[in-house]
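Coordinates in review
As a plain string of letters, each chain reads:
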Amino acid sequence: MSELFGESTFSKEVSSEGDTTFSHDQAFDTTVSDEWEPSISEESEDEVWEPKKVANRKTKVKASVAKVKVKKERTVRKTKKTVAKENPLTDMVGMEDSVCTEESTKDVKRAPKVKREVIKSAPKIKREKSSPKVAKPRKNTSGKKCNNAIKTETNIKAETESFMCSDLPCSSLQQPSLNFQQFGVAVIKEEMGSDFTCEPPLKKIKTSEYPDGKPVRPFVNRSKILGDAQMNWDITQLLSEKSSIEPWVCKNIINLFQDDNTIPFIVRYRKELINNLDGDTLRDVKQTLDELCNIAKKAHSVVQRLKKEGKLTGPLQSELLSCKTAEEVEHVSAPYKTGSKGTKAQRARQLGLEPAAKMLIENPGALFLQACIKPDVKGISTLIEVEAGVQHILADVFAKDREALDYVRKLCTFNRIMIESSLSKVATSKEGAEKDVEKFKLYHNFNCSIRNIQPHQILAINRGENLKILTVKINIPDRVKNEFCRWCVNVRFKPQGYARPELMKILRDAAEDAYKRLIYPLLCREYRSKFTSDAEKESVMTFGKNLRQLLLTNPVRGRTLLGVDPGYKHGCKLAIISPTSQILHTDVVYINACGSASGLRDAEKIRQLLLNYNCSTVVIGNGTACRETERYFADLIQKKFFAPLDVVYCITSEAGASIYSVSADAAKEMPDLDPNLRSAVSIARRVQDPLAELVKIEPKHIGVGMYQHDVSPTLLKSMLGSVVEECVSFVGVDINVCTETLLRHVAGLNATRAKNIFEWREKMGPFINREQLKEVKGLGPKSFQQCAGFIRINPENIKSFGSTNFATLKGTEDLDEKPPKKKSKATNIALKPNPLDQTCIHPESYNITMRFLKLIGGDLKEIGKPEMQQKVNAVLTGGMEPVAENLQTSVQTLQIIIDGLTQPEGYDIRKDFDKTDFKRNIVSLEDLRVGTILTGRVENAAGFGVFVDIGVGKDGLIPIRYITEDKLSKTKRRRSLGLGPGERVEVKVLEIDVPRLRVTLDLIRVL
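All of these numbers come straight from a predicted model, not from anything done at the bench.

**Observations concerning the overall build of the protein chain**
The secondary structure content of the protein chain amounts to 37 helices and 19 strands. When the 1007 residues of the protein chain are sorted by exposure, 48% land in the buried category. Summarising the internal contacts of the protein chain: among those between residues at least 6 apart in sequence, 72% fall at separations of at least 24. A total of about 51400 Å² of accessible surface is found on the protein chain, and carbon and sulfur atoms cover 51% of it.

**What to know about the sheet that holds strand β7 (residues 470-475)**
If you trace the 3 strands from one edge of the open sheet to the other, you get β6-β5-β7, paired in antiparallel fashion. At either margin of the open sheet sits one strand with a lone partner, and together these are β6 (445-449) and β7. Each neighbouring strand pair of the sheet contributes to a mean axis angle of 15 degrees, computed without reference to strand direction. Strand direction decides the pairing type here: strand β5 (residues 418-423) and β7, joined by 6 bridges, are antiparallel. Each bridged residue has a counterpart across the sheet, and for Ile-419 the counterpart in β7 is Ile-474.

**Overview of unusual backbone geometry**
Look at the link from Ala-643 to Pro-644: it is a cis peptide, with omega at 10 degrees. Its location among the elements puts Pro-644 in the loop between α24 (626-638) and β12 (648-652). Phi is positive for Asn-276, close to 60 degrees, though the residue is something other than glycine. On the secondary structure map, Asn-276 appears in the loop between α10 (263-269) and α11 (279-309).

**Description of the sheet that holds β12**
Strand order in the open sheet made by the 5 strands is β10-β9-β8-β11-β12, with mixed pairing throughout. Each having just a single partner strand, β10 (583-589) and β12 make up the two edges of the open sheet. Neighbouring strand axes in the sheet, compared pairwise and without regard to direction, differ in orientation by 20 degrees on average. Examined bridge by bridge, strand β8 (residues 561-565) and strand β11 (residues 617-621) share 4 bridges and lie parallel to one another. Paired with Val-564 across the two strands is Ile-620, which belongs to β11. Lying over the sheet, helix α23 (residues 599-612) contacts β8, β9 (572-577) and β10, oriented at roughly 175 degrees with respect to β10.

**Examining the nonpolar core**
Counting 103 residues, the largest nonpolar core has Leu-547, Leu-743, Val-746 and Leu-773 as its most contacted members. Counting residues per element, this core draws most heavily on α11, at 11 residues.

**Remarks on the pairing of strand β19 (residues 998-1006)**
Pairing of strand β18 (residues 984-993) with β19, which is carried by 8 bridges, proceeds in the antiparallel orientation. Looking at β19, one finds that Lys-988 is bridged to Asp-1002. Connecting the antiparallel pair β18 and β19 is a turn made up of 4 residues, with Leu-997 showing a positive phi of about 55 degrees.

**Overview of the pairing of strand β15 (residues 933-942)**
Burial of β15 is extensive: 8 of the 10 residues sit out of reach of the surface. Two elements, β15 and β18, share 5 bridges in a ladder whose sense is antiparallel. Residue pairing in the sheet places Ile-933 in a bridge with Lys-988 of β18. Across 5 bridges, the pairing between β15 and strand β16 (residues 945-949) is antiparallel. Across the sheet, residue Asn-940 finds its bridge partner in β16, namely Phe-947.

**Topic: the side chain of Gln-391**
Tracing the backbone shows Gln-391 in helix α16 (residues 383-400). When near neighbours in sequence (up to four residues on either side) are disregarded, Gln-391 contacts Ile-506, Asp-509, Ala-510 and Asp-513.

**Comments concerning the pattern of salt bridges**
Following the criterion strictly, the structure yields 43 salt bridges and no others. One salt bridge in this structure joins Lys-774 and Glu-771, with 2.8 Å as the shortest N-O distance. Overlapping salt bridges bring together Asp-280, Arg-283, Arg-548 and Glu-726 as one network.

**Remarks on the environment of Pro-364**
The topology assignment puts Pro-364 in the loop between α15 (354-362) and α16. Pro-364 sits 131 residues away from Pro-495 along the chain, and the two C-alpha atoms are 6.7 Å apart. When near neighbours in sequence (up to four residues on either side) are disregarded, Pro-364 contacts Met-359, Pro-495, Gln-496, Gly-497, Tyr-498, Ala-499, Arg-500 and Leu-503.

**Regarding the environment of Glu-771**
For Glu-771, the location among the structural elements is in the loop between α31 (751-764) and α32 (781-787). The exposure class of Glu-771 is partly exposed, given its relative accessible area of 30%. For the pair formed by Glu-771 and Phe-784, sequence separation is 13 residues and the distance between their alpha carbons is 8.8 Å.

**Some thoughts on the packing of helix α8 (residues 235-243) against α11**
Where α8 meets α11, the axes come as close as 10 Å, and the angle between the chain directions of the two elements is 130 degrees. In terms of their interaxial angle, α8 and α11 are classed as oblique. Read as a crossing pair, α8 and α11 show a hand that is right-handed. Contacts between α8 and α11 involve Ile-235, Leu-238, Leu-239, Lys-242 and Ser-243 from the former and Val-285, Thr-288, Leu-289, Leu-292 and Cys-293 from the latter. Split into classes, the residues belonging to the contact of α8 with α11 amount to 7 nonpolar, 2 polar and 1 charged.

**Remarks on the packing of aromatic side chains**
Within the structure shown, the criterion is met by 13 aromatic pairs. When the ring of Tyr-407 is compared with that of Trp-487, the centres are 4.3 Å apart and the planes differ by 10 degrees; the resulting orientation is stacked. Here Tyr-407, found in helix α17 (residues 402-413), pairs with Trp-487, found in helix α21 (residues 478-492); they are 80 residues apart in sequence, far enough to count as distant. Per residue, the accessibility class of Tyr-407 equals that of Trp-487, and both read buried. Aromatic pair Phe-944 and Phe-947: ring centres 6.0 Å apart, planes at 85 degrees, arrangement edge-to-face. For Phe-944, a relative accessible area of 24% puts it in the partly exposed group. Aromatic rings pair up to connect Phe-265, Tyr-269, Phe-730 and Phe-790 into one cluster. The ring of Phe-493 is capped by Arg-492, whose NZ or CZ atom sits 5.6 Å from the centre of that ring.

So, how was this worked out
- Residues numbered from 1 in each chain as written.
- Predicted model: local features only at pLDDT ≥ 70, side-chain atom pairs only at ≥ 80, totals over all residues.
- Heavy atoms only, no water.
- Helix = DSSP H or I, 4+ residues; strand = E, 2+ residues; numbered from the N terminus.
- Buried < 20%, exposed > 50% of the residue type's maximum accessible area, 1.4 Å probe, protein only.
- Contact = heavy atoms within 4.5 Å.
- Areas by Shrake-Rupley, 256 points an atom, 1.4 Å probe, with all protein chains shown as cover.
- Pairing = 2+ DSSP bridges.
- Axes fitted to C-alpha atoms, helices over the stretch in contact; angles between N-to-C directions.
- Core = buried A, V, L, I, M, F, W, Y, C linked by side-chain atoms within 4.5 Å.
- Salt bridge = Lys/Arg side-chain N within 4 Å of Asp/Glu carboxyl O.
- Parallel < 35°, antiparallel > 145°, perpendicular 65-115°, else oblique.
- Left-handed = near helix turned anticlockwise from the far one by under 90°.
- Nonpolar A, V, L, I, M, F, W, Y, C, P; charged D, E, K, R; others polar.
- Phe/Tyr/Trp six-rings, centres within 6.5 Å; stacked < 30°, edge-to-face > 60°.
- Lys NZ or Arg CZ within 6 Å of the ring centre and 35° of its normal.

Here's what the structure looks like:
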């Protein structure tokens, strides 16, 4: 029981210098485990690890030794000081899990001799008082393979790996036969005394098509995933448990992310490695992986803190490194936190009452509290004060005991825990808060079980509490407290002997005080924190889903549009844009201004604009004066005022348009245009090409989320940025006509690379093929790999780019008048268009594509034509598996190749999504009747229901209970039942609340 009171608990573990004797390396082994053992055959080992002849090796060693001697003499003449400790000489040892043949084993034995010669000829260095002892390699007992396991007595540092593998003197020998990494030989720094592991050999990834493993790039070592923060658990296995995904998939995902692959690239071009997971699932897995890494960092931070305080023991470190959640880390470290000096238990300990509290548990018969009374000392001058002090110490021990906390949490799981909210006293006494109070009317007297409460309710309660309108509390039944106190007194902290009644009363009061004052608030904080975290994740997920649905709205192609930004005093801003998004005309009309007598004149102005530019589609923003503007245009359309044009209109969201109109990007794109008119241009373009226009606006300003301002900004930005990147990449961008803003969101690119591409295009002319991307500054092999498949190059746009730059099609070499200062990254790139650059096929699959075309007898000129589809169908009569096996590729890659070859020219994945709903008349809220059947467009989706624009000026709500699977098509039965912004639905009016402007709807079907 002495450990519970912290009496010299750690003194036995502390050395004379103040450091704990328990080494961090003894808590876990960071060497390469058996799971990283290379899966190669013995025959292939002989070919891979076979060293060269010894004769050549000796000759090169002598030459290298001579070079080292010369370097030594130069160094002594220059410095004549102590040698820096950054590059100490090292000894050679074997490395665990290395694989070598019998012949290479002999060479390894000779390697240290060569190293010693170099050491003798190098300058002397200062050594430690006691150099680390190197263990001898294990004997080879497994035939030809030998596993040399070496463990040192020093701390492991990840920085040693990069240094030892690259900057050692042995690397200057330039001997392929003496590549110690090949033989699994590790090098130990004598002064630092650190173990390290070099990069493991090539591995094989298991897939559904390759159960025995498919050769890929080497796996990332576990130390690279967690860095210095190694844990006792396996991150792959734990990630699999938390995400409910197969371990082999999790292992592939970890390595793909560690190799800096983007989610769009993985989802499209590495399907076989992730078992065909979608982007949302992959984002969830990545978020879980990041959380595990943060847990590891937090655990090691606690370890370092406890080590400095002299409180770290071996079992405690092992327990911390085994924690799998942030709550567990807090749980384990709670008893060892340095309490504030003002706590009741701390003051009682300072008065010397801790021995008495300890004796009450261990030897109550010998305890006499009267002996602790000191009349002259405040706090222990009376028996009552002494009893109170002992009680506070015991309560502190009970509240920080891990077994006690586990027990009370277990009790809570078997009882009904409620969360309750009520109107605060501050809100009732505050003047002018009636409007805010009315918003939270549902939560004025609210209670719900923690098992049934919804994420949107948690966020609403949190917002009301932050505004000091609501008071929130967690209600735990009293039977939890009673059972906990009974267990503490009779089981966990039962006195080890007879205790007098007055001592038992102190023990019972201490247990009750521990629960009420310490444990109950802790449980409330844990519940609130967990609910808020889960609600934020659900909110962000809903926001991402709605944003994707909005970005992938079917564009309105080939139409000239009139964008209208409604207003009263400042008038309605007009902007006419061409089918290619060029600004044709801008103007302002005052159709809603009070007392304006120019109504007929403005109507005639609008009519002339529509006739002059042959524009029959009007796009109205849904902001201020939207309904008045809509009624104005609807009346003119009903009167056929715009004849002979058949004019239609639609309402679109203008969320974020005002913010964009005054942004730097808008000023750069439309420098000569007034900011008020820029918003009208943005409104029109949102219908013409929603994706290209909405990416210019920060996702959080688009307004399709749930309580988006109440969630973590970092989490929200990360999720929405990933969704935008995925949408832009999957749709694809034509690099010769797209804007710089759109190009930033392509996978593998950023603002700097997009700017460099844009400048290259302006300077050198249009891109002829994807290979020219390699010439762009800052676009390395990895960036090219990630973005190339999502870049499109349309020959028609190359021709329209300009005849002066179109000379590159003929192979003109003088693209730049001035010669380049330094050699280009790709000087031998052929300036010839490649028809495959118009497709979704990745350049890494071009060779497979050409073999497939040869197999089916096709030609690149037939891409997207019916003839290509017929030839593909003729070959696939026996299924895709035999064809993929013949081409030595995966079925998923073959499917991408087939899609790229058969999709028609100009194919857009957004054509399968919902279209903009145009109309000619308007219905008011007063015209609605219960039971009326209407069609509408989903504007937003939340956890409690879906908001639908039914054309009455106020969105109606379909409660979540009315959205059932039988009302959705099979393609819509996705997560959250699949309704998102842009989808057209047929609904029935259930309830109309005119004063509160609320309409309740029932979902009939999805159109």
